[in-house]
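Structure assessment
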Amino acid sequence: MPRGRYSLHDPHDHTPLGEEHFHCAPGPSGWRYVSRLTTPAGEHRGSADLAIDGLGRPIRLELQSGGWQVRAAALDGVTWVRTDPTGAEATEGNVRAHAFTGTSPAFLVALTRLLRLTPDSPGTRVRLVAFTDPVLAPLTVDQSWTLLKSAEHPTDTGPLTVDEYRVDTLDTGERHTVHIAGDVVLAAPGIELEDLDTPPSVFPPDFPPAG
């Protein structure tokens, strides 16, 4: 069960946003990621709890940020309930989308499990619901993901396979690269892996492909 820490920053102007302290692990029925978010000053600012099933679908998502809370899952597309800081009102949403995204590195790992791309796969288009900081406002985005290459790197604990993805945001034309090893994001826009106490988990070979 990897435990570690990501530093988060604005991908455009590199303003520090804080840190995400996480632990995650695959299991017989999927994968779970739990994290605690802090401000640059070290104060608590939110949390993330994401569980996906064996096909990579989000079966449970709980986010907290700025007093706001989101509970969501894959249901008739994706469905969520967003609660305001006072708890007096809750708004529901549903979109014909594949999964969720946001600032947490968990979403990148989860999406790669859903897509199951290979280096010879063409770019795959996905529709996602992004929960944007700091108030977890939902925003529908369309992206195209391509696995550029998988390369094996020697480490002190054995070879580590790193997957390099190209991500195109279709409505803005933005393009960026994401590097993932197992269930850990090594680097992505706005994300840097700072500490990791054990090597990334390797998903079981019998993890069923997405269908």
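Quick summary incoming for the structure in this document. The shown structure was predicted, so the numbers you read here are calculated from the model rather than taken from an experiment.

1. Thoughts on the packing of aromatic side chains
Inspection of the entire model under this criterion finds six aromatic pairs. Seen from their ring centres, Trp31 and Tyr33 are 5.9 Å apart, and the 40° between their planes marks the pair as tilted. Considered together, Trp31 and Tyr33 belong to a single accessibility category, that of buried residues. When the centroid spacing of 5.9 Å and the interplanar angle of 80° are considered together, the rings of Trp80 and Phe131 count as edge-to-face. Of this pair, Trp80 sits in strand β7 (residues 78-83) while Phe131 sits in strand β10 (residues 124-132), placing them 51 residues apart in sequence. When sorted by exposure, Trp80 lands in the same class as Phe131, which is buried. One aromatic cluster is present, formed by Tyr6, Phe22, Trp31 and Tyr33 through successive ring pairs. Taking the ring centre of Trp68 as reference, the NZ or CZ of Arg82 above it sits at 3.8 Å.

2. Overview of the environment of Leu170
Tracing the backbone shows Leu170 in the loop between β12 (160-169) and β13 (175-181). A sequence separation of 26 residues divides Leu170 from Ser144, and the C-alpha atoms of the two residues are 7.0 Å apart. When near neighbours in sequence (up to four residues on either side) are disregarded, Leu170 contacts Arg125, Asp142, Gln143 and Ser144.

Basis of the calculations
The residue numbers shown here count from 1 along each chain, following its written sequence. Restriction of local features to residues with pLDDT of at least 70 applies here, the model being predicted, together with a cutoff of 80 or more for giving and counting side-chain atom pairs; totals for whole chains, interfaces and linings are based on all residues. Hydrogens and water are ignored here; the side-chain numbers use all heavy atoms of the structure. Two rings from Phe, Tyr or Trp (for Trp, the six-membered ring) form a pair when their centres sit within 6.5 Å of each other. Planes less than 30 degrees apart are called stacked, planes more than 60 degrees apart edge-to-face, and all others tilted. Relative accessibility under 20% of the residue-type maximum defines a buried residue, over 50% an exposed one, and the middle range a partly exposed one, all with a 1.4 Å probe and only protein chains included. Elements are defined by DSSP. Helices are runs of H or I of four residues or more, strands are runs of E of two residues or more, and each kind is numbered from the N terminus. Counted as over-ring charges are cases with an Arg CZ or a Lys NZ within 6 Å of the ring centre that also lie within 35 degrees of the ring normal. Contact definition: two residues touch when any of their heavy atoms are within 4.5 Å.

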